[in-house]
Amino acid sequence: GRGALGSAIIKHFKAKNYCVGSIDLANNDEADANILVAPDSSWTEQEKAVLEDVAKVLDGQSLDAILCVAGGWAGGNATHADFVKNADLMWKQSVWSSVLASAVASKHLKEGGLLLCNLLLSSLCLV
């Protein structure tokens, strides 16, 4: 909700009078609700916090759509000094966020609703 693509999506849906929320590392002032993710938390801690916060915000309501457009990419190959560090960063930015979006969908998405995950994983060349 705070990156370039997320901000554009929020702006688009707000212009069409949808109620929108943002789950990110920082607030999006255009969103109707913001849920912040603690980047230093474990994946399971993030899941617990996000699910609790989403449940509070929704107060029993369901979602029409969840659009997960978080992700990241880092170049390099196995010979690069930061190969594992970059792979870990991409995993956290892309896979963690998609799995968390799926967890939210399993609890709060309306039947027939849309879950979109922009899973951006790089090909890691092993040289």
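Refer to the preceding data block for the structure.
Keep in mind the model is a prediction, meaning the values are calculated, not measured.

*Asks:* Please provide a residue-by-residue account of a nonpolar patch on the surface, values included.
*Replies:* Taken together, Leu67, Leu114 and Leu116 make up a surface patch of nonpolar side chains, about 240 Å² in accessible area. When you line up the elements, leucine 116 lands in strand 4 (residues 109–117).

*Asks:* So, the environment of valine 37: which residues are in play, and what are the values?
*Replies:* Among the secondary structure elements, valine 37 is positioned in the loop between strand 2 (33–36) and helix 2 (43–58). Sequence separation between valine 37 and glycine 76 is 39 residues, and the spatial gap between their C-alpha atoms is 28 Å. Here valine 37 is in contact with Ile23, Asp24, Leu25, Gln46 and Val50, once residues within four sequence places are set aside.

*Asks:* So what about the packing of aromatic side chains? Which residues, and what values?
*Replies:* Tallying each qualifying case throughout the model produces 2 aromatic pairs. Aromatic side chains tryptophan 43 and tryptophan 96 sit 5.3 Å apart centroid to centroid with 5 degrees between the ring planes, which places their arrangement in the stacked category. Within this pair, whereas tryptophan 43 is found in helix 2, its partner tryptophan 96 is found in helix 3 (residues 83–108), the two being separated by 53 residues in sequence. Residue class for tryptophan 43 comes out partly exposed when judged on its relative accessible area of 28%.

So, how was this worked out
Residues numbered from 1 in each chain as written. Predicted model: local features only at pLDDT ≥ 70, side-chain atom pairs only at ≥ 80, totals over all residues. Heavy atoms only, no water. Patch = residues over 30% accessible without salt bridge, like charges linked within 9 Å, V, L, I, M, F, W, Y side chains within 5 Å. Areas by Shrake-Rupley, 256 points an atom, 1.4 Å probe, with all protein chains shown as cover. Salt bridge = Lys/Arg side-chain N within 4 Å of Asp/Glu carboxyl O. Helix = DSSP H or I, 4+ residues; strand = E, 2+ residues; numbered from the N terminus. Contact = heavy atoms within 4.5 Å. Phe/Tyr/Trp six-rings, centres within 6.5 Å; stacked < 30°, edge-to-face > 60°. Buried < 20%, exposed > 50% of the residue type's maximum accessible area, 1.4 Å probe, protein only.

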